[in-house]
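# Summary of the model geometry
Okay, here's what each chain looks like letter by letter:
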Amino acid sequence: MAGRIRKLIISPAGTLGAFALAAGLLASSSIGGARAALTYYSETYTSRVQMYDIGVTLLENGQEVSWRNYDSKRDNGSWQEEKGALLEDMVPEGDSLRIGVWYPEELKVQNSGTINQYVRVSLYKYWLNGEGQKEQTLTPDLIDLELKTDNGWMIDEESSTDERTILYYSRVLQSGETSPAFSGRLRIDESVAKKVTQTTEETANGMKIITSYDYDGVKFCVEATVDAVQEHNAQDAIWSAWGRRVTVDNGMLSL
């Protein structure tokens, strides 16, 4: 159940959605790869307000992974972006991924724009079989991403499912400010490696017992998408961009 990490970049696709920075992890029992991709800013709401230099950056273990910033002074206004890959340094060089072992996976959001904003994170966890289809016999809970909700982050239980977890940062993220971490560690539950099948095979020296992993080659996937809206008129902005009713009182966001 061990292997090496290799880099895989997935380009973004589709039209403008909510202003988002997305980074994902794609791995398997042999560590298939890692990916990160940027998605887009919401035209739906920005058409109603003056466009400032809004931007957001995703940090992994203190390092910038991906970012997308709007520069109003460049080319009469344009997006500047960088796409990177997660987990490239998660496993020490020369080592291999170990099932059941915790690895640092501290994810934060940085406001890399020039206006204050509120942010939301959408986390997705699921499994893929060898054909690239979702593996329904494994639950997302076996992908154990430790979340932190005692530092201003809060889970939107109403919008979350077994596969998806929605988090909001309850405070305004000032221009240039970095949020506390919304995750801390990552591991694959040991029970995955305990699901084995044993068969017997007759050899010249007698019967031989062959043990194989039931889920060898199955991939696990974790995706994190960060959305941001401006501080001004945030309640309406969040409703317009994300379809969620929230309350903002004295700068504090509540669900």
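Calculation criteria
- Residues numbered from 1 in each chain as written.
- Predicted model: local features only at pLDDT ≥ 70, side-chain atom pairs only at ≥ 80, totals over all residues.
- Heavy atoms only, no water.
- Helix = DSSP H or I, 4+ residues; strand = E, 2+ residues; numbered from the N terminus.
- Buried < 20%, exposed > 50% of the residue type's maximum accessible area, 1.4 Å probe, protein only.
- Contact = heavy atoms within 4.5 Å.
- Areas by Shrake-Rupley, 256 points an atom, 1.4 Å probe, with all protein chains shown as cover.
- Polar contact = N/O pair within 3.5 Å; in protein donor to acceptor, adjacent residues only side chain to side chain.
- Arc of directions from axis to C-beta.
- Phe/Tyr/Trp six-rings, centres within 6.5 Å; stacked < 30°, edge-to-face > 60°.
- Lys NZ or Arg CZ within 6 Å of the ring centre and 35° of its normal.
- pLDDT = per-residue confidence, 0-100.

The next point concerns the overall build of the protein. Counting secondary structure elements, the protein contains three helices and 16 strands. When the 255 residues of the protein are sorted by exposure, 45% land in the buried category. Put simply, 68% of the contacts in the protein that link residues at least 6 apart link residues at least 24 apart. Accessible area for the protein stands at about 13,100 Å²; split by element, carbon and sulfur atoms hold 43% of it.

Tracing the chain through its elements places Ser112 in the loop between strand S6 (103-110) and strand S7 (117-128). When the C-alpha atoms of Ser112 and Gln174 are compared, they prove to be 9.3 Å apart, with 62 residues separating the residues in sequence. When residues no more than four places from it in sequence are discounted, the contact partners of Ser112 are Gly55, Val56, Thr57 and Asn69. Within the local environment of Ser112, its side chain forms a polar contact with the side chain of Thr57, the two groups lying 2.9 Å apart.

Our next topic: unusual backbone geometry. The phi dihedral of Asn61 falls on the positive side, at around 50 degrees, and the residue is not glycine. Relative accessible area serves as the criterion here: at 35%, Asn61 is assigned to the partly exposed category.

This next bit is on the environment of Gln117. As for its placement among the helices and strands, Gln117 is situated in strand S7. Gln117 gets classed as buried once you look at its relative accessible area, which sits at 0%. Measuring from C-alpha to C-alpha, the distance between Gln117 and Glu231 comes to 4.6 Å, with 114 residues separating the pair along the chain. Setting aside chain neighbours within four positions, we find Gln117 in contact with Ile54, Gly55, Val56, Asn111, Arg171, Val172, Leu173, Ala228, Val229, Gln230 and Glu231. At a separation of 3.5 Å, a polar atom in the side chain of Gln117 contacts the side chain of Asn111.

Considered for burial, the residues of helix H3 (residues 234-242) that qualify are Ala234, Ala237, Ile238 and Trp242. An end-on view of H3 places all buried positions within 95 degrees of arc, on one side of the element. One or two positions beyond H3, positive phi appears at Gly243, with a value near 70 degrees.

All told, the structure shown has three aromatic pairs when counted by the stated rule. Between Trp153 and Phe182 the ring centres are 5.3 Å apart and the planes differ by 65 degrees, which places this aromatic pair in the edge-to-face class. Of the two residues, Trp153 sits in strand S9 (residues 153-155) while Phe182 sits in the loop between strand S10 (164-169) and strand S11 (183-188), which places them 29 residues apart along the sequence. As far as the burial class goes, Trp153 and Phe182 line up, both buried. In textbook terms, an aromatic cluster arises when at least three aromatic residues are bridged by ring pairs, as seen for Trp153, Tyr169 and Phe182. Sitting over the face of the ring of Trp102, Arg185 holds its NZ or CZ atom 4.0 Å from the ring centroid. Its end group placed over the ring of Trp239, Arg245 keeps NZ or CZ at 3.7 Å from the ring centre.

In this model, the protein carries a mean pLDDT of 75, and residues with pLDDT of at least 70 account for 73%. Within the protein, the lowest mean pLDDT, 32, falls on strand S2 (residues 33-38), and the highest, 98, falls on S9. Between residues 1-51, whose pLDDT stays under 50, and residues either more than four places distant or in other chains, the model counts 176 contacts.

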